[in-house]
Amino acid sequence: MTNKIISINNLKKKYGKQVVLNDVSFEVNTGQIVGLIGPSGAGKSTIIKLTLGMEKADSGNSEVFNTHMPNRKVLNKMGYMAQSDALYSSLTARENLTFFAKMREINKDSIASEIERVSEIVDLTQHLDKKIENFSGGMKRRLSLAIAFLGSPQLLILDEPTVGIDPALRKQIGVELGKLRDNGCSILVTTHVMDEAELTDRVVLLIDGNIIADDTPANLKTQYQVDSIENVFMKAEGDM
Ligand SMILES: Nc1ncnc2c1ncn2[C@@H]1O[C@H](COP(=O)(O)OP(=O)(O)OP(=O)(O)O)[C@@H](O)[C@H]1O
């Protein structure tokens, strides 16, 4: 049986006269990596903000763990990485991680080892005691990702997690997401890097606020008779 972890139902959203989301529906099920893929301005971040209850939809609704958002308890049991880093710049990386670990109600005795574990995944172990104001953009993205991984949540929502991260580490992060998924974690990840879409279980293709495809990477390539998600995207965009 598949369990709906995120359920997005007929979301519509306008900013002024601009229609940003036009009747968007899709689901994220247990133990799935779903890639929400689309060009800049397609509405990916808006979907995430509406899903988490950070902004209000004009109509439609969304549920996370069968709960209407925003909901503090649900937020505490998931890892969320926003598109812009929300870090305390005058604190060190370790202090930031400690702060967020406490917010997530991670057992006091396991905080230190949890910080070591997540820092290793994003290759920041050497920099834990540096202040964030001295971090590069890529290091800040990596720290935000490490924060999302704290406590091995059952759900991760990652908005463009790999921007500014070099290819070797991007690959490592892809492997880590695969491991988390294999352990039952559900992951919704946005990207406009098409080769990252190949690593997902399902691709939701968003163009101009419309979902134009929702299927496995393999099925999409067969359906569009192409050999990469990038080419699926090009063909789908051309058909519009
Ligand atoms: N608060 C806002 N007020 C007005 N317009 C907004 C607001 N937030 C988003 N938009 C507009 O909505 C559209 C979709 O934005 P959104 O950030 O969801 O796109 P995206 O697919 O995440 O793009 P990117 O990949 O560049 O982050 C854009 O045209 C953007 O300018």
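The rules we used
- Residues numbered from 1 in each chain as written.
- Predicted model: local features only at pLDDT ≥ 70, side-chain atom pairs only at ≥ 80, totals over all residues.
- Helix = DSSP H or I, 4+ residues; strand = E, 2+ residues; numbered from the N terminus.
- Rg over C-alpha atoms; globule rule 2.2 N^0.38 Å.
- Buried ≥ 20, exposed ≤ 12 C-beta atoms within 10 Å, placed from the backbone.
- Contact = placed C-beta atoms within 7 Å.
- Pairing = 2+ DSSP bridges.
- Axes fitted to C-alpha atoms, helices over the stretch in contact; angles between N-to-C directions.
- Near = placed C-beta within 6 Å.
- Nonpolar A, V, L, I, M, F, W, Y, C, P; charged D, E, K, R; others polar.
- Domains from an automatic or database assignment.

A look at the overall build of the chain
Part 1: Looking only at helices and strands, one finds 9 helices and 10 strands in the chain.
Part 2: In terms of overall size, the chain behaves like a compact globule, its C-alpha atoms giving a radius of gyration of 18 Å where 240 residues would be expected to give roughly 18 Å.
Part 3: The principal-axis extents of the C-alpha atoms in the chain amount to approximately 50 × 40 × 35 Å.
Part 4: Sorting the 240 residues of the chain into buried and exposed places 37% on the buried side.
Part 5: Considering only residue pairs separated by 6 or more positions, the chain has 67% of its internal contacts joining residues 24 or more positions apart.

Digging into the environment of Leu-21
Part 1: For Leu-21, the location among the structural elements is in strand β2 (residues 18-29).
Part 2: As a C-alpha pair, Leu-21 and Arg-170 span 149 residues in sequence and 29 Å in three-dimensional space.
Part 3: Filtering out sequence-adjacent residues up to four positions away, Leu-21 remains in contact with Leu-11, Lys-12, Lys-13, Gly-43, Thr-46, Ile-47 and Gly-209.

Here we look at the sheet that holds strand β3 (residues 33-37)
Part 1: Strand order in the open sheet made by the 6 strands is β6-β7-β8-β3-β9-β10, with mixed pairing throughout. The open sheet is flanked by β6 (78-81) and β10 (210-215), the only strands paired with a single partner. Shown here is a sheet whose adjacent strand axes are inclined to one another by a mean of 10°, direction ignored.
Part 2: Pairing of β6 with strand β7 (residues 155-159) involves 4 bridges; the strand directions are parallel. Residue Tyr-80 lies in a different strand from β7, and its bridge partner there is Ile-157.
Part 3: Its contacts with the sheet place helix α5 (residues 137-149) against β6 and β7, and it is angled at close to 165° to β6.
Part 4: Its contacts with the sheet place helix α9 (residues 229-239) against β9 (202-207) and β10, and it is angled at close to 35° to β9.

A short note on the site of the ligand
Part 1: Around the ligand sit Tyr-15, Val-20, Gly-38, Ser-40, Gly-41, Ala-42, Gly-43, Lys-44, Ser-45, Thr-46, Gln-83 and His-192, and those are all the residues in its vicinity.
Part 2: Partitioning the shell around the ligand into residue classes produces 3 nonpolar, 8 polar and 1 charged.

Notes on the domain arrangement of the chain
Part 1: Once the domains are mapped, the chain shows domain 1 (4-77 + 154-239) and domain 2 (86-153).
Part 2: Distance from the C-alpha centre of domain 1 to the C-alpha centre of domain 2: 24 Å.
Part 3: The interface is formed by 14 residues belonging to domain 1 together with 11 residues belonging to domain 2.
Part 4: Within the residue set of the side of domain 1 that touches domain 2, elements represented by two or more residues are β7 and α6 (167-182).
Part 5: Tallied by class, residues from the side of domain 1 that touches domain 2 come to 9 nonpolar, 3 polar and 2 charged.

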